[in-house]
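# Chains, contacts and geometry: an overview
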Amino acid sequence: MSVADESENAVAVPLLVPADGVPPVLDTAADVADAAARLAAGSGPLAVDAERASGFRYSNRAYLIQLRRNGSGSFLIDPIPVHGELGPLAEVINELEWVLHSADQDLPGLAELGLRPARLFDTELGGRLAGFERVGLAAMVERLLGRELRKGHGAADWSTRPLPADWLNYAALDVELLLELRDAVAAALDEQGKTDWAAQEFEHIRRTEPNAPKADRWRRTSGIHTLRRTRQLAVVRELWTTRDELARGRDVAPARILPDSAIIAAAEAEPKTIAQLRGLPVFGGPRQRRYSREWLGAVERARTLPDSALPTLTQSYDGPPPVNRWERRDPEAAARLTAARTAMASLSEQHAIPVENLLTPDLVRRLCWDGLPEFRSGTTPDDPTAEIDDFLKAGGARPWQRELAVPQLAKALFGA
């Protein structure tokens, strides 16, 4: 039985407060400089976490930064009043290995502050690669360290000031055991021979830039599937765009400016006057009434668009169509996808790694749809393995992923 299994079977000990108490919130340049000096005197990796205000704010900025290093202790930093004075901190910590849980969530907001790690260890991603079924921070701490972290404020509005004491306690606990968790995950990965695989994944996350916003994001408005006319879709597009501009300007989550349900209601009713608009659900509320002219202006713009400028009923796709349409449009591609998915599922079971971590589902779909020229000509490549490897490499697959997947995909798709 491994150490991880022994910890999982033990009774978890609740961790209610940090061992050294909740550190003060640092919000001055002098405080940050002192923290940087103390962190520089520590040793080993740096535990990092950040709290955002998703669902409350438009931006992805960090509203609290938590740091912990052996020999230095824990620090809570309010980056809002010192966002231009984090240079001394960056000079110290940007040279270190950072340990985060779900690093891709926090790295973009920290990068906006000039904070970027030289090396990375992601305990959540490491847990996935190690085959753990539950990879939340609390679940992994309980499994590997035998401690109980009581969650509760992760979805809070961290732009609130002052921050409540119990929120700060929660924030400090998020990095209290992160360095110990890193070592336990690293041991599990080493035991399974996956250390190099994990290192490649961590480096990929560290180097990945945030994706550019997708075109036609307005098409993701909840309830849009109920609309049947292109003019109605134009109303949705104009209202969504107006809402997005207002939300960005105020740094407020769009749904708090106007919910999707109100946009759909306006698209169905197409009000012609402010009175008609305010008679619709939500639009008569005090927060929405102040923008009545903006909302009605958006509806008017959609109403007066020429037919040639109206959006199409169906969305154009950057890549393959939805999988449920493959059988009708291209039965051979559908058969390829079934074979590829079967091969990937077998690999997933063999190596105890979620199939989406072996290769992204989108990359597999793109390969099977028209990834190789031979799919369209109905021929077999001279070297299927090399062509599939080239395609996956161009799509961003890491060496360890290609080493595992390419032989199985070549066999599944070409019998090679």
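Residues numbered from 1 in each chain as written. Predicted model: local features only at pLDDT ≥ 70, side-chain atom pairs only at ≥ 80, totals over all residues. Heavy atoms only, no water.

## Let's talk about the nonpolar core
We apply this condition: To define a nonpolar core, start from buried Ala, Val, Leu, Ile, Met, Phe, Trp, Tyr and Cys residues and group those joined through side-chain atoms within 4.5 Å. When accessible area is computed with a 1.4 Å probe and restricted to protein chains, residues below 20% of their type maximum are described as buried, those above 50% as exposed, and intermediate ones as partly exposed. A domain assignment, automatic or from a database, supplies the domain bounds used here. The contact definition used throughout considers only heavy atoms, calling two residues in contact when any of these lie within 4.5 Å.
Ranked by size, the top nonpolar core spans 54 residues in total, and within it Leu181, Leu359, Ile388, Leu392 and Leu409 carry the most contacts. Summarising the domain contributions, this core has at least three residues from each of domain 1 (13-207) and domain 3 (323-414). Apart from the residues lying within four places of it in its own chain, the contact partners of Leu392 are Leu359, Leu363, Leu367, Ala397, Arg402, Val406 and Leu409. Trp240, Leu246, Leu277 and Trp295 belong to the second-largest nonpolar core, a separate cluster that totals 30 residues.

## Topic: the UniProt feature "domain: HRDC" (unreviewed entry) in the protein chain
Defined as follows: UniProt positions are given in the numbering used here, feature names are shortened, and annotations may be inferred rather than shown by experiment. Numbering goes from the N terminus for both helices and strands, where a helix is a DSSP run of H or I of at least four residues and a strand is a run of E of at least two.
Those places that UniProt annotates as "domain: HRDC" (unreviewed entry) correspond, in this numbering, to residues 229-309. Regarding residues 229-309, the helix share stands at 70% and the strand share at 0%, and the terminal C-alpha atoms are separated by 14 Å.

## Describing the sheet that holds strand S4 (residues 64-70)
The following threshold applies: Pairing between strands is defined by DSSP: at least two bridges between them are needed. Between the N-to-C directions of two axes lies an angle of 0 to 180 degrees, each axis being a line fitted to C-alpha atoms and, for a helix, fitted only over the stretch in contact.
Here 6 strands make up an open sheet; going across it, the order is S2-S5-S4-S3-S6-S7 and the pairing mixed. Two strands in the sheet have a free side with no partner beyond their single neighbour: strand S2 (25-26) and strand S7 (119-122). In the sheet, strand S3 (residues 43-51) pairs with S4 via 7 bridges, with the strands oriented antiparallel. Across the sheet, Leu46 pairs through a bridge with Arg69, a residue of S4. Seen against the sheet, helix H4 (residues 103-111) touches S3, S4, strand S6 (97-100) and S7 and runs at an angle of roughly 125 degrees to S6. Contacts from helix H8 (residues 178-191) reach S3, S4, S6 and S7, with the element oriented near 110 degrees to S3.

## A look at the domain arrangement of the protein chain
Keep this limit in mind: Buried area: the accessible area, evaluated with a 1.4 Å probe, that two parts lose upon being put together, summed over both parts.
Domain assignment breaks the protein chain into domain 1 (13-207), domain 2 (217-309) and domain 3 (323-414). Computed over C-alpha atoms, the centres of domain 1 and domain 3 are 36 Å apart. In this assembly, 10 residues from domain 1 lie in contact with 12 residues from domain 3. Between domain 1 and domain 3, a total of about 920 Å² is buried, with carbon and sulfur atoms accounting for 56% of that surface. Considering only the side of domain 1, the residues that lose the most area to domain 3 are Arg128, Trp197 and Gln200, jointly responsible for 52% of the buried surface there.

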